[in-house]
Amino acid sequence: MASRYLVSSGLWNSTARWSASLGGPSGASVPTSVDDVFLPNAFNLIVDSAYTASCKTLDCTGYTGTLSDGGAGATILFYGNVTLSASMGFTFTGNLFWYASGTLITNGKSLASASTIFVNAAGITLTLGGAVTCSYFSVQSGSLAVGSNTLTCTAQMQLANAAGSRTVTNTGGSIVVT
């Protein structure tokens, strides 16, 4: 496991974007499913439509750049927590998958541009750490813990008809599909 810090604008899958330390030089390896990714600045990050990005955690605390994609088909796989910044841009239209338990904290940032948010592994739980607005939300395998938060889906909320158990727990929160 390593830490990766965004140090310049451009494509996720380029070593020119990543450093192994905050304020360090570029040239670190592209993040993988075991790496913690930090976006601490104003650089713009693009996930190419022909690329599937992955990381263990994504921490956008203080981020004022924009996370976007290069077109249909872009995907990000998460294996842990994701914390977004209220001041960041989010124009990513691809799919967001969780393959390990984690918490999603949006800090008020809407994910409505994303095609679908998927919870997609047996035995995991995605916990909402605040209100979440998205377009589609699909629990294909595993669990979603809404807690006392609000999940707003502008198109569809789905418990997929797939093998394995799927659960949604809601302890005082709400799920709204508009």
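Everything below is about the structure shown above.
A. Inspection of the overall build of the protein chain at higher detail. Across its full length, the protein chain carries zero helices and 18 strands. On C-alpha atoms alone, the protein chain measures out to a radius of gyration of 16 Å, which is about the 16 Å that the 2.2 N^0.38 rule sets for 178 residues. For the protein chain, the spread of C-alpha atoms along the three principal axes comes to 45 × 30 × 30 Å. Expressed as a percentage of its 178 residues, the buried residues of the protein chain come to 47%. Within the protein chain, contacts between residues at least 6 apart in sequence are counted, and of these 31% link residues at least 24 apart. Of the accessible surface of the protein chain, which amounts to about 7,100 Å², a share of 52% is contributed by carbon and sulfur atoms. Charge centroids of the protein chain, computed over 5 positive and 5 negative side chains, lie 4 Å from each other.

B. Geometry of the pairing of strand β9 (residues 75-78). Of the two faces of β9, the one holding T75 and L77 and the one holding I76 and F78 are both buried throughout. In terms of strand pairing, strand β6 (residues 52-55) meets β9 through four bridges, oriented parallel. When the bridges of β9 are listed, S54 appears paired with L77. Both β9 and strand β12 (residues 95-98) contribute to a ladder of four bridges, which runs parallel. In the sheet register, F78 faces β12, and the bridge partner there is W98.

C. Local environment of the side chain of N149. Checked against the element boundaries, N149 lands in the loop between β15 (132-147) and β16 (150-159). At a separation of 3.0 Å, a polar atom in the side chain of N149 contacts the main-chain carbonyl oxygen of V146. In contact with N149, not counting residues within four places along its chain, are L128, G129, G130, A131, G173 and S174.

The rules behind each value
- Per-chain numbering applies: the sequence of each chain, read as written, is numbered from 1 onward.
- Residue-level local features of this predicted model are given only where pLDDT is at least 70; pairs of side-chain atoms are given and counted only at 80 or more, and the full residue set underlies all totals for whole chains, interfaces and linings.
- Excluding hydrogens and water, the side-chain values take into account all heavy atoms of the structure.
- The way it works is that DSSP assigns letters per residue, a run of H or I at least four long becomes a helix, a run of E at least two long becomes a strand, and they are numbered from the N terminus.
- Computation of the radius of gyration draws on C-alpha atoms alone. For the globule rule, the value is 2.2 Å times the number of residues to the power 0.38.
- Exposure categories follow from relative accessible area, calculated using a 1.4 Å probe and restricted to protein chains: below 20% of the type maximum is buried, above 50% is exposed, and the middle band is partly exposed.
- By definition in these notes, contact holds between two residues if any of their heavy atoms fall within 4.5 Å.
- Note on areas: Shrake-Rupley with a 1.4 Å probe; residue coverage comes only from the protein chains shown.
- All tallies of charge rest on Lys and Arg as positive and Asp and Glu as negative; His and the ends of each chain are not included.
- Here the site of a charge means atom NZ of a Lys, CZ of an Arg, CG of an Asp or CD of a Glu.
- Following DSSP output, two strands are said to pair if at least two bridges run between them.
- Contacts described as polar in this section are N or O atom pairs within 3.5 Å, which, within protein, must combine one atom able to donate a hydrogen with one able to accept it, while residues neighboring in sequence count only if both atoms come from side chains.

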